[in-house]
Amino acid sequence: DNPYLIGGYKFDLRIYAVATSYHPLRIYIHQDGLVRFSTEKYTGSVLQNKYAHLTNTSINRNGPCYNTEKERIGAGCKWTISQLRAYFQQCSIDDRLIWERIKHVISLTILMQANAIPEYAKQSIELYGFDIILDQKLKPWLLEVNFTPALGNDCAAD
């Protein structure tokens with residue numbers, strides 16, 4: 001309802017995690033990931049504009065503003081998590097609590113499904129892509145989890 005915006009643009013985070021064991025549960029969360037922006041400024045009232053509401057790169061790369069310089073974010077529609085952390089630092093935002101909350105969301109989400117993993121697969125490895133959005137108060141919200149997410153490169157941030 002009230003997403004945190006950068007330069008007026010909506011974004012989500014793609015955080016990668018790998019579970020190397022489900023019994024005992026062992027999860028590794030990658031320290032860097034992707035920040036995926038909409039390519040038109042967000043307005044909560046105009047729902048028909050997919051380039052303002054959606055952050056999917058596969059949609060936004062076809063938008064009319066993809067290659068234009070956008071306020072605060074530049075051309076394209078992606079940053080790395082490192083770039084986001086640098087932005088937070090420039091804005092005097094202490095992001096440590098944000099990342100602790102994101103780690104809890106990831107851990108609890110995987111933990112909730114761990115008991116459903118068949119015994120023969122409990123030592124298997126699974127890569128996850130967690131899509132998370134931050135609200136105006138910088139609280140993380142889980143949008144979706146992708147099992148074995150695509151790892152293609154379509155820009156320098158990838």
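Residues numbered from 1 in each chain as written. Predicted model: local features only at pLDDT ≥ 70, side-chain atom pairs only at ≥ 80, totals over all residues. Heavy atoms only, no water.

**Let's talk about the overall build of the chain**
Okay, so step 1: If you tally the helices and strands in the chain, you get four helices and six strands.
Okay, so step 2: Each helix and strand of the chain, ordered N terminal to C terminal, gives the series β-β-β-α-α-β-α-α-β-β.
Okay, so step 3: Along the three orthogonal principal directions, the C-alpha set of the chain runs to about 50 × 35 × 30 Å.
Okay, so step 4: The buried share among the 158 residues of the chain stands at 43%. (Helix = DSSP H or I, 4+ residues; strand = E, 2+ residues; numbered from the N terminus. Buried < 20%, exposed > 50% of the residue type's maximum accessible area, 1.4 Å probe, protein only.)

**Details of the pattern of salt bridges**
Okay, so step 1: One pass over the structure, following the stated rule, counts seven salt bridges.
Okay, so step 2: One salt bridge in this structure joins Asp131 and Arg36, with 3.2 Å as the shortest N-O distance. With Asp131 in strand β5 (residues 126–134) and Arg36 in strand β3 (residues 34–37), this pair connects stretches of sequence that are 95 residues apart. Neither Asp131 nor Arg36 differs from the other in exposure class; each is buried.
Okay, so step 3: When the shortest N-O distance is used, the salt bridge between Arg96 and Asp94 registers 2.6 Å.
Okay, so step 4: Connected through shared salt-bridge partners, Asp12, Arg14, Arg36 and Asp131 make up one network. (Salt bridge = Lys/Arg side-chain N within 4 Å of Asp/Glu carboxyl O.)

**Observations regarding unusual backbone geometry**
Okay, so step 1: The omega angle of the peptide bond from His23 to Pro24 is 0 degrees, so this bond is cis rather than trans.
Okay, so step 2: With respect to the element layout, Pro24 can be found in the loop between β1 (11–22) and β2 (25–29).
Okay, so step 3: Even without a glycine there, the phi angle at Arg72 is positive, about 75 degrees.
Okay, so step 4: Note on placement: Arg72 falls in the loop between α2 (57–60) and β4 (78–80).

**Brief notes about the environment of Arg101**
Okay, so step 1: Along the chain, Arg101 turns up in helix α4 (residues 96–114).
Okay, so step 2: For the pair Arg101 and Asn56, spaced 45 residues apart in sequence, the C-alpha to C-alpha distance is 23 Å.
Okay, so step 3: Beyond its immediate chain neighbours, meaning those up to four positions away, Arg101 contacts Lys139 and Pro140. (Contact = heavy atoms within 4.5 Å.)

**Things to note about the side chain of Asp95**
Okay, so step 1: Assignment of secondary structure puts Asp95 in the loop between α3 (81–90) and α4.
Okay, so step 2: Within the local environment of Asp95, its side chain forms a polar contact with the side chain of Arg85, the two groups lying 2.8 Å apart.
Okay, so step 3: With residues near it in sequence (within four places) discarded, Asp95 still touches Arg85 and Phe88. (Polar contact = N/O pair within 3.5 Å; in protein donor to acceptor, adjacent residues only side chain to side chain.)

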